[in-house]
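Secondary and tertiary structure notes
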Amino acid sequence: MSGMLPLFLVSLCLIVGSVQSQSSSQDAFIIQYLERRLAQMEERLNQCEQSTTSVTQRTFDLSSEIRGYLSTLSVLRSEVKSQMDGMSVRVDRMERELEYLENKIPSQSEIEMEEALLEQQIKAAELDLLKRKAKIKVQNDCSTGLSQIKSLKIVKKAGDTYGSWFKDPSEGSAKIYLLSGIRNDTMLEYVSLQSFTERTSSPAKVVQLPFHWQGSGHVVYNGFLYYHKADTTNQIVKVDLLNGTVVDSMLLPGAGHMPVYSLNPNTYLDMAVDELGLWVIHADAEYGGNLVITKLEIGTLAVESVWDTQCRSHDAEGAFLICGTLYVVYNTRYGGRSTIQCLYDIHDTIHSNESPVMFFPKRYTSHSSIHYHPGDKQLYAWDDGYQTIYKVETRKNDQVIAD
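Residues numbered from 1 in each chain as written. Predicted model: local features only at pLDDT ≥ 70, side-chain atom pairs only at ≥ 80, totals over all residues. Heavy atoms only, no water.

Regarding the overall build of the protein
The number of helices and strands found in the protein is 4 helices and 20 strands. Scored against the burial criterion, the 403 residues of the protein give a buried share of 38%. A separation of at least 24 residues holds for 51% of the contacts in the protein among residues at least 6 apart in sequence. Counting every atom, the protein has about 23,800 Å² of accessible surface; 55% of that belongs to carbon and sulfur. (Helix = DSSP H or I, 4+ residues; strand = E, 2+ residues; numbered from the N terminus. Buried < 20%, exposed > 50% of the residue type's maximum accessible area, 1.4 Å probe, protein only. Contact = heavy atoms within 4.5 Å. Areas by Shrake-Rupley, 256 points an atom, 1.4 Å probe, with all protein chains shown as cover.)

Below you can see the structure in the form of structure tokens.
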């Protein structure tokens, strides 16, 4: 019995030690589990905090954006209100104007009276035009027309493909003028045709113009140069050749919106001189592209009269006037034998359909300018850089019609 007690004590000690060992292992496992759970909770709390911060920032940004929209909406609302107020004022004003117009609408009898008055004014204007035509005819006693172009003479080859040359048609003047190119500001002056034709002859004078010219439709008359000022639609300038200064200018109504001749696309205004004085030719797009001739007062450049012609600008290369009759020269865009196929007489003594087609001398040409000299009865033409003279023959208009 006494031997069993020590053995029991030893067994008890072993059991207690085993229980204590197992208890320590369980405590360590529980502690580790709790630590892991705490770490997971801390991570989730951090994530929740970050999410809350992000949502707060987005809420703030959205609030700022909404405030901006509200501010813009307020401005737009004010603008719309202002426009509506303005529209209301305009509607009220329109209603008043409509009421005023309703009160001002003339009666049928008043309309008939106005139509009768307008008809009288038209007749008076037509009578005035006939009187001006008669006045031009009586003052100048010019009743001759072109019967044929007899011959040509190639005088010289000078300058560009396009240009203009002519003789001052004023009485007693023998000076020759040459303007080379479609845009320039330098004109050459020669004392005579003989001086111009001499190969070694230099111009007597080089005139520096105050402005560049446009096209090739210039003329000299009584010592003054008349030309279309470059970079303008329809301005004509008058330059005194003694000192090279501008003494006058004018704007030709309705001109300069299309080339005067389709085969010379750089010329919009074509000046001309005949026995009656100074003219300008242009094409009017609103008149079907037909040519319009305007008589200018030589001193002031005031418009004296305007005539709409039936002569078309299409396939035309040039034109000139003799005694108030416009002769239009036609060709092809490849160059050929020039012909006069249309004329317009301001005196109504000859008509285009009564006159035969007139041919230039047999030579393929392409004119960039044609100028008539009433004293010499000659045409001064620029033909692909060649300065050419055509001799013309004129007769009384009744003889021209009879032929």
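After that view, the rundown keeps rolling.
As for the sheet that holds strand S11 (residues 277-284)
Read from one edge of the open sheet, 4 strands run S10-S11-S12-S13, paired in antiparallel fashion. Among the strands making up the open sheet, the edge pair consists of strand S10 (270-274) and strand S13 (303-312). Across the sheet, the mean angle separating the axes of adjacent strands is 25 degrees when strand polarity is ignored. The pairing of S10 with S11 spans 5 bridges and is antiparallel. Bridging across to S11, valine 273 finds its partner in leucine 278. (Pairing = 2+ DSSP bridges. Axes fitted to C-alpha atoms, helices over the stretch in contact; angles between N-to-C directions.)

With respect to the pairing of strand S16 (residues 339-345)
The buried fraction of S16 amounts to 6 of the 7 residues, a majority that puts the element mostly inside the structure. Strand direction decides the pairing type here: S16 and strand S17 (residues 358-359), joined by 2 bridges, are antiparallel. Within S17, the residue paired with threonine 339 across the bridge is phenylalanine 359.

Some remarks on the packing of aromatic side chains
The full count for this structure, using the stated rule, is 7 aromatic pairs. Consider the rings of tyrosine 190 and phenylalanine 196, whose centres lie 5.0 Å apart with planes at 75 degrees: the pair is edge-to-face. Using a relative accessible area of 6% as the deciding quantity, one classes tyrosine 190 as buried. A centroid spacing of 5.6 Å and a plane angle of 20 degrees characterise the contact between phenylalanine 320 and tyrosine 327, whose relative ring orientation is stacked. Note on accessibility: phenylalanine 320 and tyrosine 327 belong to one class, buried. The rings of Trp165, Tyr190, Phe196 and Tyr380 are connected pair by pair, giving a single aromatic cluster. (Phe/Tyr/Trp six-rings, centres within 6.5 Å; stacked < 30°, edge-to-face > 60°.)

Focus: the pattern of salt bridges
Scanning the entire structure with this criterion turns up 8 salt bridges. Measuring nitrogen to oxygen at the nearest pair gives 3.5 Å for the salt bridge that ties lysine 175 to glutamate 189. Here lysine 175 is found in the loop between strand S2 (163-167) and strand S3 (176-180), whereas its partner glutamate 189 is found in strand S4 (residues 186-190), with 14 residues between them in sequence. Residue class for lysine 175 comes out partly exposed when judged on its relative accessible area of 35%. Classification of glutamate 189 as buried rests on a relative accessible area of 8%. With its nearest N and O atoms 2.9 Å apart, the salt bridge here joins arginine 183 to aspartate 231. Highlighted residues: arginine 183 in the loop between S3 and S4 and aspartate 231 in the loop between strand S7 (224-228) and strand S8 (235-240), separated in sequence by 48 residues. Three or more residues joined by partner-sharing salt bridges are found here, namely Lys150, Glu393 and Arg395. (Salt bridge = Lys/Arg side-chain N within 4 Å of Asp/Glu carboxyl O.)

A look at the state of the cysteines
Within this structure, the stated rule accounts for 1 disulfide. A sulfur-sulfur distance of 2.0 Å marks the disulfide that ties cysteine 311 to cysteine 342. Measuring the twist about the S-S bond at about -85 degrees, one finds the cysteine 311-cysteine 342 disulfide to be left-handed. With a gap of 31 residues between them, cysteine 311 in strand S13 and cysteine 342 in strand S16 connect regions that are remote in the sequence. You can call cysteine 311 buried: its relative accessible area is 0%. (Disulfide = S-S within 2.5 Å.)

Let's talk about the sheet that holds strand S20 (residues 386-396)
The sheet built from 4 strands is open, its strands ordered S1-S20-S19-S18 with antiparallel pairing. Sheet topology places strand S1 (144-157) and strand S18 (367-373) at the edges, where each strand pairs with a single neighbour. Neighbouring strand axes in the sheet, compared pairwise and without regard to direction, differ in orientation by 20 degrees on average. Strand direction decides the pairing type here: S18 and strand S19 (residues 378-383), joined by 6 bridges, are antiparallel. Residue pairing in the sheet places histidine 373 in a bridge with glutamine 378 of S19.

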